Amino acid sequence: MIIELDCGNSFIKWRIIDAASQVLLSGVVGSTEELVRALEGARVSHELYHCRMVSVRSDEETACLEQCLAQKFGLRVLTARPASCLAGVRNGYVNYESLGLDRWMAVIAAYHLSAGACLVLDLGTAVTADFVAANGDHKGGFICPGLPLLRSQLRTHTRRIHYDAVASNQFMAEPLAPGRSTAEAVERGCALMLKGFVRSQVELAMAYWGDDYEVFLTGGDASVVADVLPRVRVVPDLIFIGLAIACPISS
Ligand SMILES: Nc1ncnc2c1ncn2[C@@H]1O[C@H](COP(=O)(O)OP(=O)(O)OP(=O)(O)O)[C@@H](O)[C@H]1O
Ligand SMILES: CC(C)(CO)[C@@H](O)C(=O)NCCC(=O)O
Ligand SMILES: [K+]
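Residues numbered from 1 in each chain as written. Chains lettered and ligands numbered in written order. Predicted model: local features only at pLDDT ≥ 70, side-chain atom pairs only at ≥ 80, totals over all residues. Heavy atoms only, no water.

Caption draft 1: Structural view of the domain arrangement of the chain. When cut into domains, the chain gives domain 1 (2–79) and domain 2 (85–146 + 186–238). The C-alpha-based centres of domain 1 and domain 2 are spaced at 25 Å. Between domain 1 and domain 2, the residue contacts involve six residues of the former and five residues of the latter. Contact between domain 1 and domain 2 buries roughly 430 Å² in total, counting both sides, with carbon and sulfur atoms accounting for 59%. (Domains from an automatic or database assignment. Contact = heavy atoms within 4.5 Å. Buried area = accessible area lost by both parts, 1.4 Å probe.)

So this is what it looks like as structure tokens:
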């Protein structure tokens, strides 16, 4: 069995797959301790041999997590590393090491799946857009705050914006109607910002490639913008698909 870890800024997404890449177990945790508990549970029914991980956390935090997995489970963790070129994609950053590894994994996966030009959108703590041309040239991308950051900035920097944490999709029945409470106004306002952001990415992709490209959408808040993206491919495990290409495990 292979353990796969996508260590984002707010959450760690984990899953266990078999040699045929079938997903046996998966989950989302908020801390290393929670991850250890989840894997201790999984170990009861699955033998944990291999582990691969992509992390956007600091080198220290990432090393700490690796050590913890080695100690508790005897795992040697393969970690995704920056590269200037991988699986036919050329990293477009001036300093290729600076490109977030989650973005790099998503771009590798999208190009693998499309074999053509693609726009890759990831809606997590931050929102990112990346552009890959049909020849594999990554042109770079854009980063902006994601829904959790937009909300918390408003809460933190205003005196009177406060409302109970509630399922935000409760406000999305009529997403375009002006909000009639603080919660509605903020939730719909932030969702509209992200919809506007992704629309502008589509405009740019069309300016580059006309209709000859694919849009890939991933991340915890993908559903917030999916309706403004015609012919989008929603791929929740896009980063894991890239991770398997970056860190192959021969069995
Ligand atoms: N099962 C879930 N657990 C946690 N968050 C979820 C879940 N499903 C959807 N979300 C939403 O996903 C968002 C977090 O996105 P995601 O998990 O993709 O990224 P992240 O780990 O926070 O950060 P990063 O972008 O660095 O990967 C939150 O706004 C949250 O509301
Ligand atoms: C932008 C995030 C936070 C998105 O998860 C991550 O990809 C990251 O930390 N990137 C490093 C900066 C960059 O990609 O330019
Ligand atoms: K992510």
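Caption draft 2: Broad picture of the UniProt feature "binding site: substrate" (unreviewed entry) in the chain. Per the UniProt record, the feature "binding site: substrate" (unreviewed entry) sits at Tyr93, Gly100, Leu101, Asp102, Arg103 and Thr182. Across 90 residues of sequence, these annotated residues are also dispersed in space, with a maximum C-alpha separation of 40.0 Å. Among the structural elements, tyrosine 93 can be located in the loop between strand S7 (89–90) and helix H3 (101–114). Of the residues examined, tyrosine 93 reaches a relative accessible area of 27% and is grouped as partly exposed. Not counting residues up to four positions away in its chain, the partners in contact with tyrosine 93 are Ser98, Leu99, Arg103, His138 and Ile143. In this fold, leucine 101 is placed in helix H3. The residues contacting leucine 101, other than those within four sequence positions of it, are Val54, Ser55, Val56, Ala80, Arg81 and Pro82. (UniProt positions renumbered as here; feature names shortened; annotations may be inferred. Helix = DSSP H or I, 4+ residues; strand = E, 2+ residues; numbered from the N terminus. Buried < 20%, exposed > 50% of the residue type's maximum accessible area, 1.4 Å probe, protein only.)

Caption draft 3: How the structure looks around the site of ligand 2. Neighbouring ligand 2 are Asn9, Tyr93, Ser98, Leu99, Gly100, Asp102, Arg103, Ala126, Thr128 and Ile143. One nitrogen or oxygen atom from the main chain of glycine 100 is found 2.8 Å from an oxygen atom belonging to ligand 2. Arginine 103 has a polar side-chain atom sitting 2.8 Å from an oxygen atom of ligand 2. Of all the elements in the fold, those that place two or more residues in the shell around ligand 2 are H3 and strand S9 (126–132). Taken together, the residues that form the shell around ligand 2 break down as four nonpolar, four polar and two charged. (Near = heavy atom within 4 Å. Polar contact = N/O pair within 3.5 Å; in protein donor to acceptor, adjacent residues only side chain to side chain. Nonpolar A, V, L, I, M, F, W, Y, C, P; charged D, E, K, R; others polar.)

Caption draft 4: Examining the pairing of strand S10 (residues 138–145) more closely. Of the strand pairs in this sheet, S9 and S10 are connected by seven bridges, and their pairing is antiparallel. Looking across to S10, one finds that phenylalanine 131 is bridged to glycine 140. (Pairing = 2+ DSSP bridges.)

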